[in-house]
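# Remarks on the overall topology
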Amino acid sequence: MGDYKLVALDMDGTLLNEQSEISAKNAEWIQKALDAGVIVSFSTGRGFRSALPYAEQLKLETPMITVNGSEIWHRPHVLHKRTHLSSVYVRRLHELALAHGEPWFWAYTANDIFNKEKWINPADDYDSHHWLKFGYYTEDDSIRAKLLAEVQSWGALEITNSSPWNLELNPLGVSKASALQELCGLLDIEMSQVIAVGDSLNDIAAIREAGLGVAMGNAQEAVKEAADFITFTNNEHGVAEVIKRYVLKG
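### A word on the sheet that holds strand β2 (residues 39-43)
- Spatially, 8 strands are ordered β5-β4-β3-β2-β1-β11-β12-β13 in an open sheet, and the strand pairing comes out mixed. Each of the sheet's edge strands pairs with one partner strand only, and the pair in question is β5 (78-82) and β13 (229-230).
- Direction of pairing for strand β3 (residues 64-66) relative to strand β4 (residues 71-75): antiparallel, over a ladder of 3 bridges. Residue T66 lies in a different strand from β4, and its bridge partner there is E71.

### Brief notes about the side chain of T109
- For T109, the location among the structural elements is in strand β6 (residues 104-109).
- Residues within four places of T109 in sequence aside, it is in contact with F114, H129, H130, W131 and L132.

### Digging into the environment of V239
- With respect to the helices, strands and loops of the structure, V239 is situated in helix α8 (residues 238-247).
- Residue V239 is classed as buried on the basis of its relative accessible area, which comes to 0%.
- Residues contacting V239, with those up to four places away along its chain left out, are L9, T14, L15, N26 and M216.

### Observations concerning the packing of aromatic side chains
- Enumeration according to the criterion identifies 12 aromatic pairs in this entry.
- Aromatic pair W119 and W131: ring centres 5.7 Å apart, planes at 25°, arrangement stacked. One end of the pair, W119, is in the loop between β7 (113-115) and β8 (131-137); the other, W131, is in strand β8, and 12 residues separate them in sequence.
- Each ring, one from F229 and one from Y246, has its centre 5.0 Å from the other, and the planes form 70°; the classification is edge-to-face. One end of the pair, F229, is in strand β13; the other, Y246, is in helix α8, and 17 residues separate them in sequence.
- Take F229: its relative accessible area is 13%, and that puts it in the buried class.
- Owing to a relative accessible area of 14%, Y246 belongs among the buried residues under this scheme.
- Within the aromatic cluster, the residues linked to one another by ring pairs are F105, F114, W119, Y126, W131, F134 and Y136.
- Across from the ring centre of W29, 4.0 Å away, lies the NZ or CZ of K32, which sits over that ring.

### Focus on the sheet that holds strand β9 (residues 157-160)
- The strand order β7-β6-β8-β10-β9 describes an open sheet built from 5 strands, whose pairing is antiparallel. One side of each edge strand has no neighbouring strand; the edge strands of this open sheet are β7 and β9. The mean inter-strand angle of the sheet, taken between neighbouring strand axes irrespective of direction, is 20°.
- By the bridge criterion, 4 bridges tie β9 to strand β10 (residues 166-171) in an arrangement that is antiparallel. In the sheet register, T160 faces β10, and the bridge partner there is E168.
- Strands β6, β8, β9 and β10 of the sheet are contacted by helix α3 (residues 87-99), whose axis makes an angle of about 15° with β8.

### What to know about α3
- The end-to-end C-alpha separation of α3 is 18 Å, in line with the 18 Å expected for 13 residues at 1.5 Å each.
- Residues of α3 that are buried make contact with β6, β8, α4 (141-154), β9 and β10.
- Just past α3, the residue G101 takes up positive phi, approximately 70°.

### Focus on the pairing of β2
- Burial runs high along β2: 4 of the 5 residues are buried.
- Pairing analysis gives 4 bridges linking strand β1 (residues 6-9) to β2, with the strands arranged parallel. If you follow V7 over to β2, its bridge partner there is V40.
- Handedness of the crossover joining β1 and β2 through helix α1 (residues 24-35): right-handed.
- Handedness of the β-α-β unit built from β2, helix α2 (residues 48-57) and β3 comes out right-handed.

### A short note on the packing of α1 against α8
- Where α1 contacts α8, the two axes come as close as 8 Å, and the packing angle between them is 30°. Relative to α8, α1 is oriented roughly parallel. For the pair α1 and α8, the sense of crossing is left-handed. On the side of α1, the interface is formed by K25, N26, W29, I30 and A33, while α8 contributes G238, V239, A240, I243, K244 and V247.
- Tallied by class, the residues present in the contact of α1 with α8 amount to 7 nonpolar, 2 polar and 2 charged.

Reading the values: rules and limits
Residues numbered from 1 in each chain as written. Predicted model: local features only at pLDDT ≥ 70, side-chain atom pairs only at ≥ 80, totals over all residues. Heavy atoms only, no water. Pairing = 2+ DSSP bridges. Helix = DSSP H or I, 4+ residues; strand = E, 2+ residues; numbered from the N terminus. Contact = heavy atoms within 4.5 Å. Buried < 20%, exposed > 50% of the residue type's maximum accessible area, 1.4 Å probe, protein only. Phe/Tyr/Trp six-rings, centres within 6.5 Å; stacked < 30°, edge-to-face > 60°. Lys NZ or Arg CZ within 6 Å of the ring centre and 35° of its normal. Axes fitted to C-alpha atoms, helices over the stretch in contact; angles between N-to-C directions. Expected span 1.5 Å × (residues − 1). Right-handed = clockwise from strand over helix to strand, strands pointing away. Parallel < 35°, antiparallel > 145°, perpendicular 65-115°, else oblique. Left-handed = near helix turned anticlockwise from the far one by under 90°. Nonpolar A, V, L, I, M, F, W, Y, C, P; charged D, E, K, R; others polar.

Shape is all these values report; function is a separate question.
Laid out in structure tokens, this is it:
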């Protein structure tokens, strides 16, 4: 068992419970890891603005990975790298939603979140926005399967999810894993010294490539299969258990 130097935590379904809170127990063990000199980083599909309050709550001055790896931050507010999603694909993804019964959809830009109810002005040029990620949400399996098949056929995007009912689209090659590799370079550590924890398909690459890949007890089945270890659920302080067992070793 290596000495782990970085713990990369997904947020929704992982660090956060079903009420979108960080439990006192998770917060306590994250603090113990930080006190022991271990870097604790968020690695989330969320945009920076919605991840930030939780970083502030934990007083994290550590790197952050947001928007599934499209943004890498040295620490809160200090951007290291941002990878844009071509506006050509955002237009196509939007048109695809309109062609398939208009499932819920959303898109992140560097400054904003657009969605089905608040899309860019028809007069707006897609190129005038700095796009980062596009997403679909539908509980209709057949519509979701059609969207997936169409986007897969383009061979141009990184396709994951953050729940069994959604699809998340990032630029090809951009993932939490690619962002973690970049962070390791910045921090002068190896991927073998990283613990990656998550519950959804946007966590799989990181879980496979990290020294220790951990799936939550509530994770999707494919994520559990990819992991080295399955911890408790997000409602049972699964993150605290990982830190206790593997970072601070009891």
